Amino acid sequence: MIEVLMVMGTVPGRVAVLTDALQQFRDRGVTVRVATTFDPVEKIPAATELAEVHLLPTATELGPRFGRAVKRAAPARRPWLRAQRDPWVRRHAKRADVLVALDAQALHTVWQLAQRYRRADAVYGIAPALRAVEKRSADPARYRRPRLNTVGPAPSVLASATRNQTVDLAKRVFEMSTGKRAMKLGPVRWFWQGAVTAPGLPERHRGKIARRVTGNMLKTGHGDSAKRLALAAQGRLKSPATRGQLLGPIVDGELSQGRVPEHLMTVVRGQLKLADGYLKKRNPGKAAPHVLRAFNLMFHRIVQFDGTTSPLAEDPEKFLAPLHNSEAGRAMATPRGRQSPAAFPPAGRPHRMLFFTGLNDNFLGPILERYEAMPGVEVRRLNLMDESILPVLSNGRTNVTLHMLAGASKRAGEVQEAWGPHLEWADTVFADWCNLGAAMLTMIDPGTTRVIVRLHSFEAFSWWPHLTDWSRVDDVVFVSEHLRDLALAAVPRLRAPQGPRTHMISNAMDLHRYVAPKVSADSRFTLGLVGLSSLAKDPRWALAVLRELRRHDERYRLKLVGDDLNPELSPAIAAYVRELDAELAELEPSGAVVRTGRTEDVPGALTDVGVILSTSLRESFHCALVEGAASGAVPVVRDWPFFAGRPHSARSLFPSDWVVGTPQEAAERILALTATEEVWREAGRAAASHVLSTWDWSVTQKDFDRLLLEPPATSA
């Protein structure tokens, strides 16, 4: 009896052809067995009634090591990797007279079997298989006695097996000597540090070995050894991508400890290099994760928000140069523009304004109230937290990044479908905050609708301005000149010919509601700091001022209004809170410091505050300071370090005598202006008069009217 073993790597397109062939084999008395890479009962049930059909073991059944090998292998080799350790295949291949590859995916498997069981004929396809069976049936005696040259596997198979065993042994030795258990041993760590820096080692091997060894060193708690090895190895590597991949875990570890990594930008450049490689292959889908990884590192809160310095604030052009000079950065900076320029609303109907709301409306209240009540203006709100809008925003940053890299996307069509009718209705769109809403808005052509975006301090230190197509924004509003300077330096597209007009308009603040008499003359000894929820507010600087004052007069005290810093947000904040709490533990028992927590009645909380402080590392404007000044408290402003010494800073925003450089200078100003009740009250009245005449909503609303209601000027 003739036996046939067939191998199938893919589901056949026409199952009927297979079943007809199996029926022909059965009619000839041939025993047919079929090995498949898919579930035969589900995919080819008719074939299971005509032949013995066997499913090759899956990658999971093969065990972790062989399973990984199957997944890494080329598709044509995967069936063989599954078949070579299958006893069913070996048993029936040894007995088979004809080996048949039924598709291209099975060719390599049948070739390998034919090298091992050479007495069988090996063919590709059903028709050749039928001919081979007919040939054997016509002359069975010829095939009854095996020829010498068909006994045993081919010599090449023996050589290959020996080679594979040697390679497998080497791999096992490598895995053991670089594994987590080995990395616990000091001599082993010392050996690999020398090995990865040895001259002559090919770069791809050096990078691969170094990544595995440093990874297992980190997992076993030997971070210092891992960093030394990574730094030594990266000095021998030429590829920015390989260097970045090697140092990535080191950088992540330092960020998790609350430290700004020295080699942060090496990893960023590596990620952008990988992204550029995929873009050259016209594969933005694979480039996007690397761009997002670079964003996560550059704008990590430890790097930009939770420290006393910021590399972006120190030198925005230098810090962001790797992004702007990369292919990915240039792709995202490509202006898509609009088909038609923005048009001023025609006469004879209301001016239609659309405001984006829902994500953060803290600074919109007076603006919305004014224009919703104004004759000749019709206002709508697009709530980005509405259930109908949320699906468009889902996974927003990834979708915007992919869209900007590719120049088009399915998500842009969804945004057009969801927001298009609103844009067609509106004459003007106002998006407060340059965040996800503004970025997604610029994915689509706004038609003739004018687009205005207000950019605050937070976004300037984030990725969102780099994910916004500024060629589709007509006007961008800043609340201070120093913030505008930073944004223009960090985002070159803002100053490009296709970029928007820029404006400086202060926040809308109803300052008159803070005007109230102080509870007593002793209020002049109470310092107030309103808002503590971010490290940028730096309340420890206020404690330094308080100590200087109490050296002269112990009547001075500090009132802290607002939520405490949350140490769970990051290790850097946790470290700051520990130091802050230690200082407060010394001062609070004596009443030198009072914490009130959050309050909805800030005007009431200010009635016993005689001096209002701004101790921040950075601010775009600092509304709480101006509100305190409106209450009659004497303002004392730290020269915000992120902007100090620049053409525009706290010194150019506020009257020069308000601003101080050190806690000692702050104490001197306070002592001078609170020396007597008369001096203090006069200084408070002067400060209140200045802020009310400069920044109250009754004044600044005219700037918004010019922006929103008058035809735009031809230049910024």
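Residues numbered from 1 in each chain as written. Predicted model: local features only at pLDDT ≥ 70, side-chain atom pairs only at ≥ 80, totals over all residues. Heavy atoms only, no water.

1. Some words on the pairing of strand β4 (residues 98–101)
Selection rule: Throughout, exposure labels follow a simple rule: accessible area from a 1.4 Å probe, protein chains only, divided by the maximum for the residue type, with under 20% read as buried, over 50% as exposed, and the rest as partly exposed. Secondary structure elements follow DSSP: runs of H or I no shorter than four residues count as helices, runs of E no shorter than two count as strands, and numbering proceeds from the N terminus. Two strands form a pair only when DSSP identifies at least two bridges running between them. If you view a crossover with the strands going away from you and the path from the first strand over the helix to the second runs clockwise, you call it right-handed.
Side chains of β4 alternate between two faces, with Val98 and Val100 and Leu99 and Ala101 buried alike. Pairing analysis gives four bridges linking strand β1 (residues 3–8) to β4, with the strands arranged parallel. By the bridge assignment, Val7 is partnered in β4 with Ala101. In terms of strand pairing, β4 meets strand β5 (residues 121–124) through four bridges, oriented parallel. The partner of Val100 across the bridge, within β5, is Val123. Once you follow β4 into helix α6 (residues 107–116) and on to β5, the crossover reads as right-handed.

2. Here's the deal with unusual backbone geometry
Positioned with a positive phi, Trp433 is a non-glycine residue whose angle comes to about 80°. Along the chain, the position of Trp433 falls in the loop between β8 (428–432) and α24 (436–441). Judged by relative accessible area, which is 12%, Trp433 ranks as buried. Although it is not a glycine, His622 sits at a positive phi angle of roughly 75°. Within the secondary structure, His622 sits in the loop between β15 (611–614) and α30 (623–630).

3. Focus: the packing of helix α14 (residues 264–280) against helix α15 (residues 284–298)
We apply this condition: Helix axes use the C-alpha atoms of the stretch in contact, all axes being lines fitted to C-alpha atoms, and the angles between their N-to-C directions lie in the range 0 to 180 degrees. The labels follow the angle: roughly parallel below 35 degrees, roughly antiparallel above 145, roughly perpendicular from 65 to 115, and oblique for the rest. Two helices that cross are described as forming a left-handed crossing if the nearer one is turned anticlockwise from the farther one by less than a right angle, and a right-handed crossing if clockwise. Contact criterion: two residues are considered in contact whenever any of their non-hydrogen atoms come within 4.5 Å of each other. In the scheme used here, Gly and all other residues not listed as nonpolar or charged are polar, with Ala, Val, Leu, Ile, Met, Phe, Trp, Tyr, Cys and Pro taken as nonpolar and Asp, Glu, Lys and Arg as charged.
At a minimum axis separation of 8 Å, α14 and α15 run at an interaxial angle of 165°. Accordingly, the angle class assigned to the pair α14 and α15 is roughly antiparallel. In terms of crossing hand, the pair formed by α14 and α15 is left-handed. Across from Leu264, Met265, Val267, Val268, Gln271, Leu272, Leu274, Ala275, Tyr278 and Leu279 in α14, the residues of α15 making contact are Pro284, Lys286, Ala287, His290, Val291, Arg293, Ala294, Leu297 and Met298. Considered class by class, the residues forming the contact of α14 with α15 number 15 nonpolar, two polar and two charged.

4. Some points on the pattern of salt bridges
This is how it is decided: Think of a salt bridge as a Lys or Arg side-chain nitrogen and an Asp or Glu carboxyl oxygen that are within 4 Å of each other.
Within this structure, the stated rule accounts for 40 salt bridges. The closest approach of N and O atoms between Arg551 and Glu548, which form a salt bridge, is 3.0 Å. By relative accessible area, which is 63% here, Arg551 ends up exposed. By relative accessible area, Glu548 is classed as buried at 16%. Put simply, Asp564 and Arg595 hold a salt bridge, and the shortest N to O gap is 3.6 Å. Residue Asp564 is found in the loop between β13 (557–561) and α28 (571–587), and its partner Arg595 is found in strand β14 (residues 593–597); the two are separated by 31 residues along the sequence. You can call Arg595 partly exposed: its relative accessible area is 35%.

5. What about the pairing of strand β6 (residues 351–357)?
Among the seven residues that make up β6, six are buried, leaving the element largely enclosed by the rest of the structure. Alignment of β6 against strand β7 (residues 377–383), held across seven bridges, turns out to be parallel. Within β7, the position partnered with Thr357 by the bridge is Asn383. At this point the chain moves from β6, through helix α20 (residues 365–373), to the parallel β7, and the crossover so formed is right-handed. Of the pairings in the sheet, the one linking β6 to β8 comprises four bridges and is parallel in character. From the neighbouring strand, Phe355 faces β8, where its bridge partner is Phe430.

6. Concerning the side chain of His482
Rule in force here: Here a polar contact is taken to be a pair of N or O atoms separated by no more than 3.5 Å, where protein atoms must pair a possible hydrogen donor with a possible acceptor and residues adjacent in sequence count only if both atoms sit in side chains.
Its location among the elements puts His482 in helix α26 (residues 481–490). You can call His482 buried: its relative accessible area is 3%. A polar side-chain atom of His482 sits 2.7 Å from the main-chain carbonyl oxygen of Glu619.

7. What to know about the state of the cysteines
Convention followed: Pairs of cysteine sulfur atoms within 2.5 Å are what we label disulfides.
This model, assessed by the stated rule, comprises zero disulfides. The thiol sulfur of Cys434 is not disulfide-bonded, and the nearest other cysteine sulfur, from Cys623, lies at 19 Å. With relative accessibility at 0%, the residue Cys434 sits in the buried group. On the accessibility criterion, Cys623 (14% relative accessible area) is buried.

8. Comments concerning the packing of aromatic side chains
Spelled out, the test is: Pairing of aromatic side chains requires ring centres within 6.5 Å, counting the rings of Phe and Tyr and the six-membered ring of Trp. Pairs whose planes differ by under 30 degrees are stacked, by over 60 edge-to-face, and all others tilted. The criterion is that NZ of a Lys, or CZ of an Arg, lies within 6 Å of the ring centre and within 35 degrees of the ring normal, and then a charge sits over that ring.
Under the criterion given, the structure shown has 17 aromatic pairs. Measuring from centroid to centroid gives 5.1 Å for Phe305 and Phe458, while their planes differ by 25°, and the two rings are stacked. With Phe305 in the loop between α16 (301–304) and α17 (311–314) and Phe458 in helix α25 (residues 457–460), this residue pair connects regions lying 153 residues apart in the sequence. Residue Phe305 is classed as buried on the basis of its relative accessible area, which comes to 13%. In textbook terms, an aromatic cluster arises when at least three aromatic residues are bridged by ring pairs, as seen for Phe621, Trp640, Phe654, Trp658 and Trp695. One cation-aromatic arrangement involves Arg380 over Trp425; the distance from NZ or CZ to the ring centre is 4.1 Å. The residue whose ring lies beneath Arg618 is Phe461, and the NZ or CZ to ring-centre distance is 5.2 Å.

Geometric values such as these leave the question of function open.
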